[in-house]
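# Architecture and fold: a report
Take a look at the letters that make up each chain.
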Amino acid sequence: MKLSSSHMDNIPSTPGKFKMEKSSYIHRFRWHYSSLAKLTFWSFVFMGLIVVFFFKSPPTSTPNSTSSDLSRRSLKTQSWGGPGWEKRVKSSAKIRSQNGFSVLVTGAAGFVGTHVSAALKRRGDGVVGLDNFNHYYDPSLKRARQDLLERSGIYIVEGDINDAVLLKKLFEVVPFTHVMHLAAQAGVRYAMENPKSYVHSNIAGLVNILEVCKNANPQPAIVWASSSSVYGLNTKIPFSEKDRTDQPASLYAATKKAGEEIAHTYNHIYGLSLTGLRFFTVYGPWGRPDMAYFFFTRDILKGKSIQIFEGANHGTVARDFTYIDDIVKGCLGALDTAEKSTGSGGKKKGNAQLRVFNLGNTSPVPVSDLVSILERLLKVKAKRSVVKLPRNGDVQFTHANISFAQREFGYKPTTDLQTGLKKFVRWYLSYYGSEKKSDH
Ligand SMILES: O=C(O)[C@H]1O[C@H](OP(=O)(O)OP(=O)(O)OC[C@H]2O[C@@H](n3ccc(=O)[nH]c3=O)[C@H](O)[C@@H]2O)[C@H](O)[C@@H](O)[C@@H]1O
């Protein structure tokens, strides 16, 4: 094992919504002790603390953590490397079907990542997960998803996509044929609260992944998660991949759009095969608690009021909600039709594939109808409060044209919102219980 200290930059990673702000404490302490006696006293205390720290600190190195990383994670120790770790990674990556892939899935403990990893494993591909288990939403849900994957033989390495040393090591241990890059800072509205986490994960993290992939030999093909939000303020519907995407309404959307441009660059210079998938409001069992359908369910069960957004002049706000199983089929279709990257060791050898696909349901549903479906399924009346769509990055309407994905790999969503929500609610009640105990 080796200790790496400079391989992650200093930008704060997604810290979660419960991050403690430390800098104000530091400032408050700084100039209070002016007399020499006090200075001497505190010098002794400080020296003592250093001695205690050295005796108490664990001897093992934590190769995937920098000092900023460590402070962020409250000195939580974690390690990778060593023969036992490599054996676990190799065993997880083992291909069990003819012509199968070995896939590195980033964000494997996330909602889409978990489902895609499980589906790949089921059909015999080798899968290694990577996830930083950040606190953007309840990490215990991510741990539960991890347990689920571990039971089917998938190992999730705990680490950040910005950790180049860890990524390089993973490629040394396994010559991945594909990378399914799903790790991201998601959520449209949270971008106003914590803009840097979007830059860190969706831009810096993506570049780091591409840097490592471009140097890998052989280079993997990469399929990654973009977003329907790149269509921004467009009014022409349904949204087609040919439409403009230069008016994002949120920083989240802007970082995903930037990702698409970055993909173009790496494809152009290094011959990386890159496929971006524009997901349209994905929902389903094991979903994300920060999404409306999820917290509406929680709040309806708790008897708490929910806010339903509406546009100007009482305009309907609607989404092309897409069920997770349909998205998984789309992800696998994209992987299966991804051509090989053409470069190796950082050098392009020929033109490589560059694609972007909409993965939606082609059937937008007003948010108020989503709530009515939940009411019926939960048998509880929602306390609705209709409010004007806040200026927080949300767009009024999404609707996917999916003909390109249909043509290229037969993508055809089959689950309507009623059916999909029924499955979600069944999962929700079995996971949290109908008791209103959950606080996620
Ligand atoms: O399609 C996408 O690309 C995006 O889909 C979702 O974003 P969003 O569609 O905004 O999903 P929700 O946050 O679950 O909102 C769903 C709908 O409920 C509305 N809403 C949300 C919150 C609320 O309190 N009330 C309310 O009416 C929103 O305006 C929106 O129309 C995901 O959160 C993004 O990560 C993803 O990239």
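All of these numbers come straight from a predicted model, not from anything done at the bench.

### Focus on the UniProt feature "domain: NAD-dependent epimerase/dehydratase" (unreviewed entry) in the chain
Sequence positions flagged by UniProt for "domain: NAD-dependent epimerase/dehydratase" (unreviewed entry) are, in local numbering, residues 103-340. Helix makes up 42% of residues 103-340 and strand 18%, with an end-to-end C-alpha separation of 13 Å.

### Things to note about helix H12 (residues 367-378)
Along its 12 residues, H12 runs 16 Å from first to last C-alpha, staying within 8% of the 16 Å computed at 1.5 Å per residue. Looking only at H12, the buried set comprises Val367, Leu370, Val371, Ile373, Leu374, Glu375, Leu377 and Leu378. Directly after H12, the chain includes Lys379, whose backbone phi takes a positive value near 55°.

### A few points about the sheet that holds strand S3 (residues 155-158)
Pairing in this open sheet of 7 strands is parallel, and the strands run S3-S2-S1-S4-S5-S6-S11 from one edge to the other. Two strands lie at the open edges of the sheet, namely S3 and strand S11 (354-359), each paired on one side alone. Averaged over all pairs of adjacent strands, the angle between their axes in this sheet comes to 20°, without regard to strand direction. Where strand S5 (residues 221-227) meets strand S6 (residues 274-279), 6 bridges bridge the pair, whose relative direction is parallel. Looking at the pairing, Ile222 lines up with Leu274 of S6. Sitting on the sheet, helix H4 (residues 83-93) touches strand S1 (102-106), strand S2 (126-131) and S3, and the angle it makes with S2 is about 125°.

### Description of the site of the ligand
With respect to spatial proximity, 24 residues lie near the ligand, and among them Arg189, Ser227, Ser228, Tyr252 and Gln307 are the closest. Residue Arg189 places a side-chain N or O atom 2.7 Å away from an oxygen atom belonging to the ligand. In the model, an oxygen atom of the ligand is placed 2.7 Å from a nitrogen or oxygen of the Ala292 main chain. Compared with its free state, where it exposes 700 Å², the ligand has 95% of that area covered by protein. Put simply, the parts of the chain that give the shell around the ligand at least two residues each are helix H10 (292-302) and strand S8 (305-310).

### Focus: helix H14 (residues 417-432)
Relative to the 22 Å expected for 16 residues at 1.5 Å per residue, H14 spans 21 Å between its end C-alpha atoms, a close match to the ideal helical length. Turning to H14, its buried residues number three or more, namely Leu417, Gly420, Leu421, Phe424, Val425, Trp427, Tyr428 and Tyr432. All buried residues of H14 project into a common sector of 165° when viewed along the axis, lining one side. Residues of H14 that are exposed and point over 90 degrees away from its buried face: Arg426 and Ser430. Buried residues along H14 sit against helix H6 (139-151), strand S7 (282-283), H10, strand S10 (322-323), strand S12 (365-366) and H12.

### Describing the pattern of salt bridges
By the definition in use, this model includes 19 salt bridges. For Lys169, the salt bridge identified is with Glu172, shortest N-O distance 3.7 Å. Note that Lys169 and Glu172 are positioned in helix H7 (residues 164-173) at a spacing of 3 residues, about one turn of the helix. Linking Asp246 and Arg244 is a salt bridge whose minimum nitrogen-to-oxygen distance equals 2.7 Å. Through salt bridges that share partners, Glu86, Lys169 and Glu172 make up one connected network.

### Considering the environment of Asp138
Tracing the chain through its elements places Asp138 in the loop between S2 and H6. Measuring from C-alpha to C-alpha, the distance between Asp138 and Pro289 comes to 7.8 Å, with 151 residues separating the pair along the chain. Among the polar contacts listed, one links the side chain of Asp138 to the side chain of Ser140, at a separation of 2.9 Å.

### Quick look at unusual backbone geometry
Cis geometry marks the peptide bond from Asn217 to Pro218, where omega comes out at 5°. Among the secondary structure elements, Pro218 is positioned in the loop between helix H8 (195-215) and S5. In the Ramachandran plot, Thr281 falls in the positive-phi region, its phi being about 35° despite a non-glycine side chain. Among the secondary structure elements, Thr281 is positioned in the loop between S6 and S7. Phi is positive for Thr362, close to 65°, though the residue is something other than glycine. Of note, Thr362 is situated in the loop between S11 and S12. Judged by relative accessible area, which is 35%, Thr362 ranks as partly exposed.

Thresholds applied
- Residues numbered from 1 in each chain as written.
- Predicted model: local features only at pLDDT ≥ 70, side-chain atom pairs only at ≥ 80, totals over all residues.
- Heavy atoms only, no water.
- UniProt positions renumbered as here; feature names shortened; annotations may be inferred.
- Helix = DSSP H or I, 4+ residues; strand = E, 2+ residues; numbered from the N terminus.
- Expected span 1.5 Å × (residues − 1).
- Buried < 20%, exposed > 50% of the residue type's maximum accessible area, 1.4 Å probe, protein only.
- Pairing = 2+ DSSP bridges.
- Axes fitted to C-alpha atoms, helices over the stretch in contact; angles between N-to-C directions.
- Contact = heavy atoms within 4.5 Å.
- Near = heavy atom within 4 Å.
- Polar contact = N/O pair within 3.5 Å; in protein donor to acceptor, adjacent residues only side chain to side chain.
- Areas by Shrake-Rupley, 256 points an atom, 1.4 Å probe, with all protein chains shown as cover.
- Arc of directions from axis to C-beta.
- Salt bridge = Lys/Arg side-chain N within 4 Å of Asp/Glu carboxyl O.

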